[in-house]
Amino acid sequence: MHKVSLPLGMRDEFGMQAYKKHQLEKMLEQLLQQHDFMRIDTPLLEYQEVFADFDLKQRRAYHLVDNNEAVVLRPDLTLPIARFLATNNFDLPRKFYYVGERFKIAKSLSGKYNQMTQAGIEIVGYTSLKAELECFFLINCLSRKFLQGRVRIELGDACFADAVLDSLTKDAALKAAIKKQLYQKNIPQYQKMIAPFVTGKQGQFLQKWPRLFGDEATVLQQVSQFALPAAAQLIINKLERVAHWLKQLPEQPVSLDLSAAPPQTYYTGITFKGFSDDISDYLFSGGRYDHLLESFQKKAEPAVGMGIDLELLTKVADFDIPKPKADLLFFEPEQLSEVVQICQQHPNLTLCLERDLQSAQQTAATKHVKLFRIDKEGKISDAT
Ligand SMILES: N[C@@H](Cc1c[nH]c[nH+]1)C(=O)O
């Protein structure tokens, strides 16, 4: 007998949950098509090199070998799209979307699956913050449509930490170590590392930094008390402007987090996450990545994108799932041509496969639907 269990982190999807995810995908696709996004499907398997510059937790990717070349099951969908853009001569700017599987070996006992369906968008070729605003506009649409407007948008900036730390030291290793402790909110270690700087100009800010997250107005008020290095202050000004624009969206809570790690190492500007306070993981995550295409081609292209966790959205989305309830058509095998005609005329009929009429009637009663049969003239009559 063969094994019936699945490899760790894998699952079968079926029934209502699978159907709901598919419906959600269709609705999402409709929204994105309406907003002029073009679909891209890239393969599941890519050369390992595609992900190499950005690590992307390669230790947690599925590594395979194809003709002596190292390949991986894609752990991210943005890098394959960057690879795709570098090899196809598209006129830019342009907006793309995708829906597909990504594979990442989850930490053991985390309860997470290793294969997840992710949807996402990539807006390529725009330097303006309007590209970020389109992401927020879409999050807001989806939040109101599926989550009663409960999605909070949290803003950050991938360059903020460096803008602060560059004013303290040139020591790259020290900067990396401070960031690591800050991002992990490992306060005792963080305090130890910033100790040499607390009497300096940024001292008070450094002490407060790990707690600078939460409602945007509160964080902006707190941060306004510090004299930040010029580069960091410019980022704060930008975040303040964006937060102000964002608040024009209906039912849209906004937060700031100045002490979180950027969700991906390829981000170069504003980063954001969308989550609902009653769910621990985030549903949306994205940012600007103006240098990513340089890994694949000579020319850099400005770009902004976001991933949408379709699994989580399926779990928490609240919407009426259209579930057609079809009546049954009982037929004899020699009536197949009549079946075709009748089904064309009555699209709400589905084939009843029971051998005899009595079993068909029982099935119809159990399913609470009507039963029809085909008479000698090829007409349908009620046989419930
Ligand atoms: N690929 C990113 C999301 C994203 C899309 N575009 C830009 N960022 C992620 O999985 O977190």
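Residues numbered from 1 in each chain as written. Predicted model: local features only at pLDDT ≥ 70, side-chain atom pairs only at ≥ 80, totals over all residues. Heavy atoms only, no water.

Asks: Any chance you could explain the sheet that holds strand β4 (residues 69-73) here in plain terms?
Replies: Within a sheet, adjacent strands bond to each other through the backbone by hydrogen bonds, running parallel or antiparallel. Taken in spatial order, the 3 strands of this open sheet run β2-β4-β3, and their pairing is antiparallel. Since the sheet does not close on itself, it has two edges, and those belong to β2 (45-47) and β3 (63-66), each with one partner. This sheet shows a mean twist of 45 degrees between the axes of neighbouring strands, independent of strand direction. Of the strand pairs in this sheet, β3 and β4 are connected by 4 bridges, and their pairing is antiparallel. Within β4, the residue paired with His 63 across the bridge is Val 72. (Pairing = 2+ DSSP bridges. Helix = DSSP H or I, 4+ residues; strand = E, 2+ residues; numbered from the N terminus. Axes fitted to C-alpha atoms, helices over the stretch in contact; angles between N-to-C directions.)

Asks: Would you explain the environment of Ser 108 in this entry?
Replies: Looking at the element boundaries, Ser 108 is found in the loop between β5 (94-103) and β6 (115-124). Spatially, the C-alpha atoms of Ser 108 and Lys 299 are 40 Å apart, while their sequence positions differ by 191 residues.

Asks: Whenever I open this one, the site of the ligand confuses me. Can you help?
Replies: In the vicinity of the ligand there are 14 residues, among which Asp 76, Thr 78, Glu 122, Gln 264 and Tyr 267 approach most closely. One of the side-chain nitrogen or oxygen atoms of Thr 78 is found 2.8 Å away from a nitrogen atom of the ligand. Contact with the protein chains removes 94% of the 300 Å² of surface that the ligand exposes when unbound. Mapped onto the shell around the ligand, the elements with two or more residues apiece are β6 and β12 (303-309). Taken together, the residues of the shell around the ligand break down into 6 nonpolar, 6 polar and 2 charged. (Near = heavy atom within 4 Å. Polar contact = N/O pair within 3.5 Å; in protein donor to acceptor, adjacent residues only side chain to side chain. Areas by Shrake-Rupley, 256 points an atom, 1.4 Å probe, with all protein chains shown as cover. Nonpolar A, V, L, I, M, F, W, Y, C, P; charged D, E, K, R; others polar.)

Asks: Can you walk me through the pairing of strand β7 (residues 151-157) in this structure?
Replies: Sheet faces and side chains relate simply in a regular strand, where the side chains alternate between the two faces. Across the 7 residues that make up β7, a large majority, 7, are buried. Residue alternation in β7 divides its side chains into two sets, Val 151, Ile 153, Leu 155 and Asp 157 and Arg 152, Glu 154 and Gly 156, and both sets are buried. Across 7 bridges, β7 lies against strand β10 (residues 270-276) in antiparallel orientation. Opposite Val 151, over in β10, you have Ser 276 as the bridge partner. Bridge count for β7 against strand β9 (residues 254-257) is 3 bridges, and the pairing is parallel. Within β9, the residue paired with Ile 153 across the bridge is Val 254. (Buried < 20%, exposed > 50% of the residue type's maximum accessible area, 1.4 Å probe, protein only.)

Asks: Just checking my understanding: could you explain the confidence of the model for the chain for this structure?
Replies: Looking at the chain, pLDDT values average 94 and 99% of them are 70 or higher. We note a pTM of 0.93 for the whole complex and an ipTM of 0.98 for its interfaces. (pLDDT = per-residue confidence, 0-100.)

Asks: Would you take a moment to explain the state of the cysteines for this structure?
Replies: Should the sulfur atoms of two cysteines be covalently bonded, the bond is a disulfide. Enumeration according to the criterion identifies 0 disulfides in this entry. With no disulfide of its own, Cys 343 lies 12 Å from the sulfur of Cys 352, the closest cysteine sulfur. (Disulfide = S-S within 2.5 Å.)

Asks: Before we go on, may I ask you to explain the nonpolar core in this structure?
Replies: One broad trend across soluble globular proteins is that nonpolar side chains are buried collectively. Leu 155, Phe 160, Phe 205 and Trp 209 are the most contacted members of the largest nonpolar core, which totals 66 residues. Considering every element that reaches this core, the biggest residue donor is helix α4 (residues 130-146), with 8 residues. Setting aside anything within four residues of it in sequence, one finds Phe 160 in contact with Phe 205, Trp 209, Leu 228, Ala 232, Ile 235, Ile 236 and Leu 258. Membership of the second largest hydrophobic core comes to 22 residues, among which are Val 72, Ile 81, Phe 84 and Tyr 266. (Core = buried A, V, L, I, M, F, W, Y, C linked by side-chain atoms within 4.5 Å. Contact = heavy atoms within 4.5 Å.)

Asks: Sorry, what's going on with a negative patch on the surface here?
Replies: There is a patch of like negative charges on the surface, built from Glu 49, Asp 53, Asp 66 and Glu 69. Mapped onto the fold, Asp 66 is located in strand β3. For Asp 66, a relative accessible area of 39% corresponds to the partly exposed category. (Patch = residues over 30% accessible without salt bridge, like charges linked within 9 Å, V, L, I, M, F, W, Y side chains within 5 Å. Salt bridge = Lys/Arg side-chain N within 4 Å of Asp/Glu carboxyl O. Lys, Arg positive; Asp, Glu negative; His and termini not counted. Charge placed at Lys NZ, Arg CZ, Asp CG, Glu CD.)

Asks: Looking at this structure, how should I read the side chain of Gln 118?
Replies: Here Gln 118 shows up in strand β6. Judged by its relative accessible area of 15%, Gln 118 is buried. Those residues in contact with Gln 118 that sit more than four places away from it in its chain are Leu 77, Tyr 98, Val 99, Gly 100, Arg 102, Gly 307 and Ile 308.

Asks: What is the right way to read the UniProt feature "binding site: L-histidine" (unreviewed entry) in the chain from this model?
Replies: Feature annotation in UniProt assigns "binding site: L-histidine" (unreviewed entry) to the following positions: Asp 76, Leu 77, Thr 78, Gln 118, Glu 122, Tyr 266 and Tyr 267. A relative accessible area of 3% places Leu 77 in the buried class. Setting aside anything within four residues of it in sequence, one finds Leu 77 in contact with Tyr 98, Gly 100, Glu 101, Arg 102 and Gln 118. (UniProt positions renumbered as here; feature names shortened; annotations may be inferred.)

Asks: Got a minute to help me understand the environment of Glu 69 in this structure?
Replies: Here Glu 69 is to be found in strand β4. According to the relative accessible area criterion, Glu 69 is partly exposed, its value standing at 40%. Considered as a pair, Glu 69 and Tyr 47 are 22 residues apart in the sequence and their alpha carbons are 7.5 Å apart. Not counting residues up to four positions away in its chain, the partners in contact with Glu 69 are Tyr 47 and Leu 64.

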